[in-house]
Amino acid sequence: GESVGLHLPTLSVQEGDNSIINCAYSNSASDYFIWYKQESGKGPQFIIDIRSNMDKRQGQRVTVLLNKTVKHLSLQIAATQPGDSAVYFCAENTNTGNQFYFGTGTSLTVIP
Amino acid sequence: ETGVTQTPRHLVMGMTNKKSLKCEQHLGHNAMYWYKQSAKKPLELMFVYSLEERVENNSVPSRFSPECPNSSHLFLHLHTLQPEDSALYLCASSHVQGDTEAFFGQGTRLTVV
């Protein structure tokens, strides 16, 4: 089956610092990747996505990096804020597939 | 608000009860999903419907029965559940092709007693 995992289950950062959350995947056929944020009591919310023909994509305060050689994905959050505290999931799919597979998630805590 | 609505938000049911979870989206999506989220575990894909046809059933026990009457609605019928089925059940929708994000509902927190 698919395997999408995260290197660290928890991450604590000081407010204002940058955060980096990592994700490893095992399916070489995966060509679409998403980062989701899940706050307590809510469903996962889309943050940013990247397709396999790219190695970097930037959004507002977030950057996703994709290294297909080592099957690694990362999410960088600049100037982390208390509102960024949540669990972050990476998910992967194929361009023709309907199955988004998720990792276990990293719990990010921002220390004021 | 993602445009995907799940009801109820919370459900407590006995092991002999029959209940249903409902999911609704009006985003024009034609793929819908049920996921199970247990503590300390990845989101587990349960069922996928594409154009109202079930295309995936990830070895889910028969006590969970999905229904997709149209592209906007998805149900999960529950009967004779076990305490270990207690979890957050999430519905999601997307376009059929796999290179667009899935939108999630808020989930139904299910407790089986």
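Preceding this paragraph is the structure being described.
Small disclaimer: the values here were computed from a predicted structure and weren't measured.

## Remarks on the pattern of salt bridges
Under the definition given, this model contains six salt bridges over all chains. Asp84(A) is paired through a salt bridge with Arg61(A); the nearest N and O atoms lie 2.9 Å apart. Of this pair, Asp84(A) sits in the loop between strand 8 (72-77) and strand 9 (86-93) while Arg61(A) sits in the loop between strand 6 (56-58) and strand 7 (62-67), and the two are 23 residues apart along the sequence. For Lys22(B), the salt bridge goes to Glu24(B), with nearest N and O atoms at 3.9 Å. Through salt bridges with shared partners, a single ionic network connects Asp49(A), Arg51(A) and Arg57(A).

## Brief notes about the sheet that holds strand 7 (residues 64-70) of chain B
Residue and element names in this part refer to chain B. Taken in spatial order, the four strands line up as 1-3-8-7 in an open sheet, and their pairing is antiparallel. The sheet is open, and its two edges are formed by strand 1 (4-7) and strand 7, each paired on a single side. Strand-to-strand twist of the sheet, defined as the mean angle between neighbouring strand axes without regard to direction, takes the value 20 degrees. Bridge analysis of strand 1 against strand 3 (residues 18-25) gives four bridges, and the strand direction is antiparallel.

## Some thoughts on the packing of aromatic side chains
The tally for this structure, following the rule as stated, stands at ten aromatic pairs over all chains. Arranged with centres 5.4 Å apart and planes meeting at 85 degrees, the rings of Phe102(A) and Tyr35(B) form a pair that is edge-to-face. One end of the pair, Phe102(A), is in strand 10 (residues 101-102); the other, Tyr35(B), is in strand 4 (residues 31-37), on a second chain. A residue is classified by how much of its surface remains accessible, and Tyr35(B), at 1% relative accessible area, is buried. Between Phe102(A) and Phe104(B), the ring centres sit 5.7 Å apart and the planes meet at 75 degrees, which makes this aromatic pair edge-to-face. Of this pair, Phe102(A) sits in strand 10 while Phe104(B) sits in strand 10 (residues 103-104), on two different chains. One exposure class covers both Phe102(A) and Phe104(B), and it is buried. Grouping aromatic residues by their ring pairs yields a cluster made of Tyr36(A), Phe89(A), Phe100(A), Phe102(A), Tyr33(B), Tyr35(B) and Phe104(B).

## Thoughts on the pairing of strand 8 (residues 73-79) of chain B
Residues and elements named next belong to chain B. For strand 3 and strand 8, the ladder comprises seven bridges, and the chain directions are antiparallel. By the bridge assignment for strand 8, Lys22 is matched with Phe75. Judged from the five bridges that link them, strand 7 and strand 8 form a sheet pairing that is antiparallel. Of the residues in strand 8, the one forming a bridge with Phe64 is Leu78. Connecting strand 7 to the next strand, strand 8, in antiparallel fashion are two residues.

Thresholds, definitions, all that
- Residues numbered from 1 in each chain as written.
- Chains lettered and ligands numbered in written order.
- Predicted model: local features only at pLDDT ≥ 70, side-chain atom pairs only at ≥ 80, totals over all residues.
- Heavy atoms only, no water.
- Salt bridge = Lys/Arg side-chain N within 4 Å of Asp/Glu carboxyl O.
- Helix = DSSP H or I, 4+ residues; strand = E, 2+ residues; numbered from the N terminus.
- Pairing = 2+ DSSP bridges.
- Axes fitted to C-alpha atoms, helices over the stretch in contact; angles between N-to-C directions.
- Phe/Tyr/Trp six-rings, centres within 6.5 Å; stacked < 30°, edge-to-face > 60°.
- Buried < 20%, exposed > 50% of the residue type's maximum accessible area, 1.4 Å probe, protein only.

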